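Okay, here's what each chain looks like letter by letter:
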Amino acid sequence: MTTDIRSSTGIRRVGVVGGGQMGVGIAEVCARAGLDTVVCEADAVAAQAARERVAASLERAVQRGKMDRISAEHARGRIIFTGSLDELADRQLVVEAVVENTQAKTEIFASLDKIVEDRQAILATNTSSIPVMRLGMATDRADRVVGLHFFNPVPVLPLVEVVSSLHTAADTIAAVTDFAEDTLGKTVVRSQDRAGFVVNALLIPYLLSAIRMAESGFATSADVDAGMELGCAHPMGPLKLADLIGLDTVASIATSLYDEFKEPLYAPPPLLQRMVEAGLLGRKSGRGFHAYDRS
């Protein structure tokens, strides 16, 4: 039996596939909005790690005075963590937030298409750059597949990009826009289905230019960041921002942009590729263009 996702009750049952930094952030904002939320990870061990990440994030929000402890406990209680995609069968909206890899995402969408019972349920991707069309075509409901791209850290940054493919239905776009704006309190910008969408198509060439500047020895990483923070009033320099995003993610987005447009400014610099190969991924690994305390 299907349900009308645009009914007076709206989207109340949400699934998130992936319990990394982005996935747990999406789950947290959904739970804080009062939604029944299920997070699916690869296995029980990864699911427990995701649970701990959410708990730590909520605790930081309490310590910073952003929410009270009772509200944080209620939010944590609204999230179920699992290692099985089957637990998402009754969801009205599922947001995929796994590694930025086309094959991995395509396989998940193909599986979700078989598992999620309501044929009117929406399958969304948090991809930064992979075509929404490609993921939609892995399903038999491409009209219900949409890009729903959040920004890190999800509980803090107010923006969501809503991305429609050539197959995405108008009522799908309307439903996720209402969900992001009215339920989650986010600001929505809309984009057509092209690599990088709006934000990353503008941001990534800037980050790559900063990497090339450091790579050439023209300026140190510290000086590049200080120049943009103190000279242009940016809250964070480009290399610190690349470290925060994750250098593997920056490289993946750059590769997708270059593959689509063949513009040299999108090509990932050799230094970025070598750092990814070396596991120097930024904040999450403890070292990127800067060093970070992981204690």
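You'll find the structure just up there.
Residues numbered from 1 in each chain as written. Predicted model: local features only at pLDDT ≥ 70, side-chain atom pairs only at ≥ 80, totals over all residues. Heavy atoms only, no water.

Draft legend 1. Examining the environment of Asp178 more closely. Tracing the sequence through the fold places Asp178 in helix 6 (residues 170–183). Sequence-wise, Asp178 and Gly10 are 168 residues apart; in three dimensions their C-alpha atoms are separated by 8.9 Å. (Helix = DSSP H or I, 4+ residues; strand = E, 2+ residues; numbered from the N terminus.)

Draft legend 2. Expanded view of helix 4 (residues 102–115). Between its first and last C-alpha atoms helix 4 spans 20 Å; for 14 residues at 1.5 Å apiece the expected length is 20 Å, and the two agree. Restricting attention to buried positions, one finds in helix 4 the residues Lys105, Ile108, Phe109, Leu112, Asp113 and Ile115. One side of helix 4 holds all its buried residues, which, seen down the axis, span an arc of 165 degrees. Summarising the geometry of helix 4, the exposed residues directed more than 90 degrees from the buried face are Gln103 and Lys114. Those residues of helix 4 hidden inside the fold are in contact with strand 1 (13–17), strand 4 (93–96), strand 5 (122–125), helix 5 (132–136) and strand 6 (145–150). N-capping of helix 4 is provided by Asn101, with a side-chain oxygen placed 3.1 Å from the backbone N of Gln103. (Expected span 1.5 Å × (residues − 1). Buried < 20%, exposed > 50% of the residue type's maximum accessible area, 1.4 Å probe, protein only. Arc of directions from axis to C-beta. Contact = heavy atoms within 4.5 Å. Polar contact = N/O pair within 3.5 Å; in protein donor to acceptor, adjacent residues only side chain to side chain.)

Draft legend 3. Summary view of the packing of aromatic side chains. Considering all chains together, one arrives at one aromatic pair under this definition. On the numbers, 5.7 Å between centres and 40 degrees between planes, the contact of Phe261 with Tyr266 is tilted. Taking relative accessible area as the criterion, Phe261 reaches 30% and is therefore assigned partly exposed. Looking at Tyr266, the relative accessible area reads 9%, which means it is buried. (Phe/Tyr/Trp six-rings, centres within 6.5 Å; stacked < 30°, edge-to-face > 60°.)

Draft legend 4. Focus on the sheet that holds strand 8 (residues 187–192). Judged by pairing direction, the sheet is mixed, and its eight strands sit side by side in the order 3-2-1-4-5-6-7-8 without closing on themselves. Edge positions in the sheet fall to strand 3 (79–82) and strand 8, since each of these pairs with one other strand and no more. Within this sheet the neighbouring strands show an average axis-to-axis angle of 25 degrees, counted without direction. Judged from the four bridges that link them, strand 6 and strand 7 (residues 159–164) form a sheet pairing that is antiparallel. Note that in strand 7 the partner of Gly147 across the bridge is Val163. Across the face of the sheet, helix 6 comes into contact with strand 1, strand 4, strand 5, strand 6, strand 7 and strand 8 while running at roughly 175 degrees to strand 7. (Pairing = 2+ DSSP bridges. Axes fitted to C-alpha atoms, helices over the stretch in contact; angles between N-to-C directions.)

Draft legend 5. Highlighting the layout of surface pockets. A volume near 190 Å³ is recorded for the second largest pocket. Lining the second largest pocket we find 13 residues, and of these Thr102, Ile130, Ser252, Ser256 and Asp259 sit closest to its centre. For the lining of the second largest pocket, the per-class residue count stands at three nonpolar, six polar and four charged. (1 Å grid on protein atoms, 1.4 Å probe; cavity = no way out; pocket = protein on both sides within 12 Å on 5 of 7 lines; lining within 4 Å. Points joined across faces, edges and corners; volume = space filled by probe spheres on them. Nonpolar A, V, L, I, M, F, W, Y, C, P; charged D, E, K, R; others polar.)

Draft legend 6. Region of interest: helix 8 (residues 221–231). Buried within helix 8 we find Ser221, Val224, Asp225 and Glu229. Along the axis of helix 8, the buried residues cluster in a sector spanning 120 degrees; they form a single face. Facing away from the buried side of helix 8 by more than 90 degrees, the exposed set consists of Asp223, Leu230 and Gly231. Buried residues in helix 8 make contact with helix 7 (199–215) and helix 9 (238–245). Once helix 8 ends, the next one or two residues include Ala233, with phi positive near 60 degrees.

Draft legend 7. Representation of the pattern of salt bridges. Enumeration according to the criterion identifies 13 salt bridges in this entry. For Asp90, the salt bridge goes to Arg91, with nearest N and O atoms at 3.0 Å. The partner of Lys284 in a salt bridge is Asp248, with the nearest N and O atoms 2.9 Å apart. Residue Lys284 is located in the segment after helix 11 (270–277), and its partner Asp248 is located in helix 10 (residues 247–261); the two are separated by 36 residues in the primary sequence. The partly exposed category is assigned to Lys284, whose relative accessible area is 41%. Among the residues examined, Asp248 registers a relative accessible area of 23% and is labelled partly exposed. One connected set of salt bridges, linked through shared partners, spans Asp36, Asp90 and Arg91. (Salt bridge = Lys/Arg side-chain N within 4 Å of Asp/Glu carboxyl O.)

Draft legend 8. Quick look at the packing of helix 2 (residues 44–63) against helix 3 (residues 69–77). Two elements in contact, helix 2 and helix 3, have axes whose closest approach is 9 Å; the angle formed by their N-to-C orientations is 165 degrees. It follows that helix 2 is roughly antiparallel to helix 3 by the angle criterion. Here helix 2 runs over helix 3; the crossing is right-handed. Within the contact between the two elements, helix 2 uses Ala55, Leu58, Glu59, Val62 and Gln63 and helix 3 uses Arg69, Ala72, Ala75 and Arg76. When the residues that make up the contact of helix 2 with helix 3 are grouped by side-chain class, the tally is five nonpolar, one polar and three charged. (Parallel < 35°, antiparallel > 145°, perpendicular 65-115°, else oblique. Left-handed = near helix turned anticlockwise from the far one by under 90°.)

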